[in-house]
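# Observations on the model geometry
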Amino acid sequence: KKAVVKKIATFLEREKIAKAVGFFLVLDFLQGATLQVAIDAQKNYPGKFEPFLMPTPLTRPTFTPQEYGKIVNANPGLFKGYGELGFYLGVFSQSSPDDDTFMGIFKVAQGNGHVVMIHPAAQTIEGLEIAIQKNPDVIFLLHGEGIADEIVPLVEKYPNVYFTLDTALLPGIYGFDNKEDFKANFEKNFSSHLERSISKWKPPIEKNPDSFVWGTDRGEGWHFDEGAGDYMVEMSRAFIGRLDPGV
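The model shown is predicted, which means the values in this text are computed figures rather than measured ones.

What follows covers the environment of isoleucine 105. Relative to the assigned elements, isoleucine 105 resides in helix 4 (residues 100–111). When its relative accessible area of 0% is taken as the criterion, isoleucine 105 is described as buried. Sequence-wise, isoleucine 105 and glycine 69 are 36 residues apart; in three dimensions their C-alpha atoms are separated by 8.5 Å. If we skip the residues at most four places from it in the chain, isoleucine 105 touches Thr62, Phe63, Thr64, Pro65, Tyr68 and Tyr82.

The next point concerns unusual backbone geometry. In this chain, glycine 83 is followed by glutamate 84 through a cis amide linkage whose omega measures 15°. Counting through the fold element by element, glutamate 84 comes out in strand 3 (residues 81–86).

This paragraph deals with the pairing of strand 2 (residues 49–55). Where a strand is regular, its side chains alternate between the two sheet faces. Within strand 2, 6 of the 7 residues are buried, which leaves the element mostly enclosed by the surrounding structure. Summarising the sheet, strand 1 (residues 20–26) and strand 2 pair through 7 bridges and their orientation is parallel. Looking across to strand 2, one finds that leucine 25 is bridged to methionine 54. Of the strand pairs in this sheet, strand 2 and strand 3 are connected by 2 bridges, and their pairing is parallel. Its bridge partner being in strand 3, leucine 53 is matched across the sheet by tyrosine 82.

A few words on the side chain of histidine 223. Tracing the backbone shows histidine 223 in the loop between strand 7 (212–214) and helix 8 (228–241). Under the relative-accessibility criterion, histidine 223 is labelled buried at 0%. Histidine 223 has contacts with Phe11, Ile173, Tyr174, Asp217, Arg218, Ala228 and Met232, leaving out every residue within four places of it along the chain.

Thresholds, definitions, all that
- Residues numbered from 1 in each chain as written.
- Predicted model: local features only at pLDDT ≥ 70, side-chain atom pairs only at ≥ 80, totals over all residues.
- Heavy atoms only, no water.
- Helix = DSSP H or I, 4+ residues; strand = E, 2+ residues; numbered from the N terminus.
- Buried < 20%, exposed > 50% of the residue type's maximum accessible area, 1.4 Å probe, protein only.
- Contact = heavy atoms within 4.5 Å.
- Pairing = 2+ DSSP bridges.

Next comes the structure, spelled out in structure tokens:
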């Protein structure tokens, strides 16, 4: 919606964030209207968003490769990536990244230079690795809390795989209804959260510094309230400050 995009753009300006990856959900049964949101965002806030084409997991796993290609061809230069594909959600949970439809999607992404963003589930790791192996020219950007043991080996093994450290660094960010409750938990557990993150993520990041990126995965309305980002940035800075300076 235009109001939501405006709120996020205002937030980016307020927090002096140059740009953000934006997942623009395109509904197959309201394709024109939902596509227009992404088009208007680029027109009204140039340079503020890196739009990703996000299919809905409500009725079917994804667009067909032909539909994806048709949308991209009709809107040249609009989208920079495809996803997020959340394999823990809805009908996605019954699919695997190496299914024929997804493999076709990845070929379209490759042809358009699109990054593919995926939130794997534990049961999809085997299929994900097959997809990665068969698409070495596609950049796969992965994220998700609780899948570190499965993801780190993929990051270490494949140069086209990246992991964004967001919910993995900010546990509980989706477990609160407002910033006040999040703040209370954050202040109480800051040190323990930080030490656990250092223990788990410092070694693989320092071993593969070019394969990890930082993010916040903001999606709830209160995530964009004034002041909410301060806590996320504080944790991130504390974590980054504990890494080897060479990283």
